[in-house]
2 protein chains.
Amino acid sequence: MDFSDKRHAVLVSLFLLFLVVLLPAQARADDPLPSWNDGPSKQAIVSFVEKVTKEGSPDFVVAPERIAVFDNDGCLWPENPMPFQAAFAFDEVKRLAEEKPVLKEDPMVQALLAGDIGKLLEGQHHDGLMHIIALTHAGMTTEEFTKRVEGWMTGAEHPKFGKAYDELTYQPMQEVLSYLRANGFKTFIVSGGGADFMRVFSERVYGIPPEQVVGTTARVTYELRETGPVLVKTMDNLFIDDKAGKPAGIHQFIGRRPIAVFGNSDGDKQMLEYGTINNPKPSLGVIVRHTDAEREYQYDVNSKSSGTLVEALKDAPARGWVVVSMKDDWNRIFSEP
Amino acid sequence: MDFSDKRHAVLVSLFLLFLVVLLPAQARADDPLPSWNDGPSKQAIVSFVEKVTKEGSPDFVVAPERIAVFDNDGCLWPENPMPFQAAFAFDEVKRLAEEKPVLKEDPMVQALLAGDIGKLLEGQHHDGLMHIIALTHAGMTTEEFTKRVEGWMTGAEHPKFGKAYDELTYQPMQEVLSYLRANGFKTFIVSGGGADFMRVFSERVYGIPPEQVVGTTARVTYELRETGPVLVKTMDNLFIDDKAGKPAGIHQFIGRRPIAVFGNSDGDKQMLEYGTINNPKPSLGVIVRHTDAEREYQYDVNSKSSGTLVEALKDAPARGWVVVSMKDDWNRIFSEP
């Protein structure tokens with residue numbers, strides 16, 4: 001082999017190396033959604049963002065109007081075997097029952113400690129469950145509540161994945177959040193979960209500040225104590241941010257119609273409608289479908305949680321909503337902490 | 001005069017010109033608050049902003065925690081001879097009574113048309129006034145309500161100043177809003193006025209987007225009509241964002257404790273307390289006092305409006321709240337449109 005051949009071989013090798021290693025790495029670096037497999041779901045999200053951010057195009061939307069809303073349970077993190085906030089409430093009841101043994105005489109606390117969830121859900125208004133929520137979510141200051149959630153989050157572990165709950169956010173959705181924000185969107189959580197619960201971790205975990213978290217809320221009462229001002233949590237004027245409550249909550253807390261809506265269950269149907277039906281601006285509706293029994297969960301209707309997906313799924317084709325399959329569209333499920 | 005003298009004279013002239021014209025212009029250009037006279041009020045605002053934005057200093061506050069809240073009526077624009085939203089409601093009743101003459105048989109509409117405001121305020125809950133508010137603020141879609149406010153704002157004129165209401169914002173407060181935002185603060189309105197009313201103009205007039213407007217709100221109900229989704233305004237679950245409601249509203253809608261609070265009446269006392277008493281971060285409380293009968297209004301207690309300032313003024317010295325005198329601290333009152 002003469003020198004020129006050798007040089008030729010080196011050049012070819014370098015070129016192949018470039019094709020095999022460096023080019024895909026570069027493509028990955030440019031890809032805002034690397035945990036999404038190429039396909040129609042990913043394409044729909046990227047096309048939408050490119051369309052509304054292209055100045056001069058008829059689909060251009062000015063930055064302040066780029067409002068994106070995300071359900072939390074089942075959309076940004078799992079909701080099985082029960083919504084994480086329910087796990088918090090149940091763990092709290094156990095902790096409180098140790099702290100104040102008189103609580104063990106409470107029939108609903110007894111039912112919970114015995115694992116009799118059915119009893120908690122009896123009655124039209126799930127009186128037992130509401131009682132448990134009141135025990136764990138009202139009667140303390142907002143600062144005390146924040147401390148309890150932080151304490152629980154530090155110690156608790158998810159039964160299937162063996163990790164802290166806040167280490168179980170979906171990496172592909174984290175990428176969507178970052179991608180939208182990099183393109184001038186303001187990202188909001190609009191969830192049935194408690195606003196006070198989610199605000200404890202939303203900024204740290206999702207980069208979503210407390211003021212962009214819309215959730216279930218109740219009135220707090222203001223008191224000026226010797227130690228300073230406090231806000232005491234109550235169960236009064238409960239606003240449940242679910243189903244038709246979601247567009248109402250979006251109006252009350254955000255005051256603009258969103259142009260991008262991400263959900264995963266029938267509880268998100270009305271907010272998907274509100275964002276996408278006859279919106280004068282271009283809009284995107286996305287449903288995350290739980291199709292991955294191995295890496296996460298597989299359910300549409302048989303969730304033990306509240307994440308039933310029947311009506312919204314039926315409407316999706318006519319409404320043009322993108323249905324994401326976790327199994328097929330996502331090459332990775334969970335974020336690194 | 002020889003050549004050198006002439007040149008000397010020119011140089012001296014240019015130097016004087018520099019001192020007299022250009023130097024102050026430069027100083028004005030560097031002054032973020034040119035409509036504020038030099039004095040303790042202006043100094044307190046500037047010192048606070050410089051302190052919390054100085055990295056490495058013990059008083060440094062990270063940008064996401066720089067939350068500033070502003071009352072609207074009497075703080076960002078006047079509230080006399082009545083809150084501007086009341087003027088809207090009264091004009092609306094007159095318009096509606098022409099549109100639907102049957103309304104003229106309504107005793108409270110009759111009272112209003114006859115100028116008998118006393119009758120509207122009778123009873124513990126001001127039933128007449130609430131009835132007028134319901135007539136003008138509920139029973140229509142949010143889009144229809146927005147159109148009505150926009151239409152009114154275009155046509156109506158303030159009785160004293162002869163200008164459109166939205167051309168009467170306070171220039172010194174507009175400068176504070178811009179100055180805070182330029183220093184990484186997020187500015188919010190926290191007002192007893194209706195959120196749906198203020199959101200119509202807050203972004204255009206103050207640069208405050210709808211999602212940063214906290215106000216009095218009631219539930220809206222979601223409907224999917226043939227023409228698309230709508231939200232219908234009701235009077236249910238009324239939340240009055242005044243007095244102790246203000247810290248509660250700040251918690252519910254913002255979810256963080258503010259570090260800068262601007263108000264002007266006893267309705268702002270609790271939010272001033274919430275922001276400034278035993279706040280672990282440095283904080284600033286400011287009361288705008290109406291002391292200028294000529295250029296605006298002069299009142300503490302004799303306002304025809306709701307802007308009574310007695311208790312908060314009494315507390316100001318002990319709390320360290322800055323009391324701004326419109327007459328003495330402001331060299332200009334209103335913004336150019």
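Residues numbered from 1 in each chain as written. Chains lettered and ligands numbered in written order. Predicted model: local features only at pLDDT ≥ 70, side-chain atom pairs only at ≥ 80, totals over all residues. Heavy atoms only, no water.

Participant: Which residues make up the overall build of chain A, and what values do they have?
Facilitator: From N to C terminus, chain A includes 14 helices and 9 strands. The C-alpha extent of chain A, read off along each of the three principal axes, is 90 × 50 × 45 Å. Within chain A, the proportion of its 337 residues that are buried is 53%. Sequence-distant contacts, at least 24 apart, represent 67% of the contacts inside chain A between residues at least 6 apart. For chain A, the exposed surface amounts to about 15,300 Å²; the carbon and sulfur share of it is 54%. In chain A, which carries 36 positive and 48 negative side-chain charges, the distance between the mean positions of the two groups comes to 3 Å. (Helix = DSSP H or I, 4+ residues; strand = E, 2+ residues; numbered from the N terminus. Buried < 20%, exposed > 50% of the residue type's maximum accessible area, 1.4 Å probe, protein only. Contact = heavy atoms within 4.5 Å. Areas by Shrake-Rupley, 256 points an atom, 1.4 Å probe, with all protein chains shown as cover. Lys, Arg positive; Asp, Glu negative; His and termini not counted. Charge placed at Lys NZ, Arg CZ, Asp CG, Glu CD.)

Participant: Explain the pairing of strand β4 (residues 220–225) of chain A to me, using residue names and the numbers behind them.
Facilitator: Residue and element names in this part refer to chain A. Where β4 meets strand β5 (residues 228–233), 6 bridges bridge the pair, whose relative direction is antiparallel. Residue pairing in the sheet places V220 in a bridge with K233 of β5. Here β4 folds back onto β5, and the loop between the two strands holds 2 residues. (Pairing = 2+ DSSP bridges.)

Participant: Describe in detail the side chain of D241 of chain B, supporting the description with residues and values.
Facilitator: Residue and element names in this part refer to chain B. Inspection of the secondary structure puts D241 in the loop between β5 (228–233) and α11 (245–253). For the buried D241, no salt bridge is present, and the opposite-charge side chain at shortest range is K246, 5.4 Å distant. At a separation of 3.2 Å, a polar atom in the side chain of D241 contacts the main-chain amide nitrogen of S191. Not counting chain neighbours up to four residues away, the residues in contact with D241 comprise V190, S191, G192, V214, G215, T216, K246 and G249. (Salt bridge = Lys/Arg side-chain N within 4 Å of Asp/Glu carboxyl O. Polar contact = N/O pair within 3.5 Å; in protein donor to acceptor, adjacent residues only side chain to side chain.)

Participant: Which residues make up the relation of the copies chain A and chain B, and what are the values?
Facilitator: It takes a turn of 180° to lay chain A on chain B, together with a shift of 0.0 Å along the axis; the resulting RMSD is 0.1 Å. Considering both components of the superposition, the chain copies are consistent with a two-fold axis. When the interface residues of chain A are mapped onto chain B, 98% of them are again interface residues, pointing to one common binding face. (Least-squares fit on C-alpha atoms with pLDDT ≥ 70 in both.)

Participant: Which residues make up α11 of chain B, and what values do they have?
Facilitator: Residues and elements named next belong to chain B. Taking burial as the measure, the 9 residues of α11 include 9 buried ones, the bulk of the element. Within the span of α11, buried status applies to G245, K246, P247, A248, G249, I250, H251, Q252 and F253. Just past α11, the residue G255 takes up positive phi, approximately 80°.

Participant: Got a sec to walk through the pattern of salt bridges? Specific residues and values, please.
Facilitator: Pairing is possible between side chains of opposite charge, provided their charged atoms come close. A complete count under the given rule lists 49 salt bridges over all chains for this structure. A salt bridge links E203 of chain A to R256 of chain B; the nearest nitrogen and oxygen atoms lie 2.9 Å apart. Here R256 of chain B lies in the loop between α11 and β6 (260–263) and E203 of chain A lies in helix α10 (residues 202–206), a pairing that spans two chains. Taking relative accessible area as the criterion, E203 of chain A reaches 32% and is therefore assigned partly exposed. Using a relative accessible area of 6% as the deciding quantity, one classes R256 of chain B as buried. A salt bridge links R95 of chain B to E99 of chain B; the nearest nitrogen and oxygen atoms lie 2.7 Å apart. Here E99 of chain B and R95 of chain B lie together in helix α3 (residues 84–99), a separation of 4 residues that amounts to about one turn.

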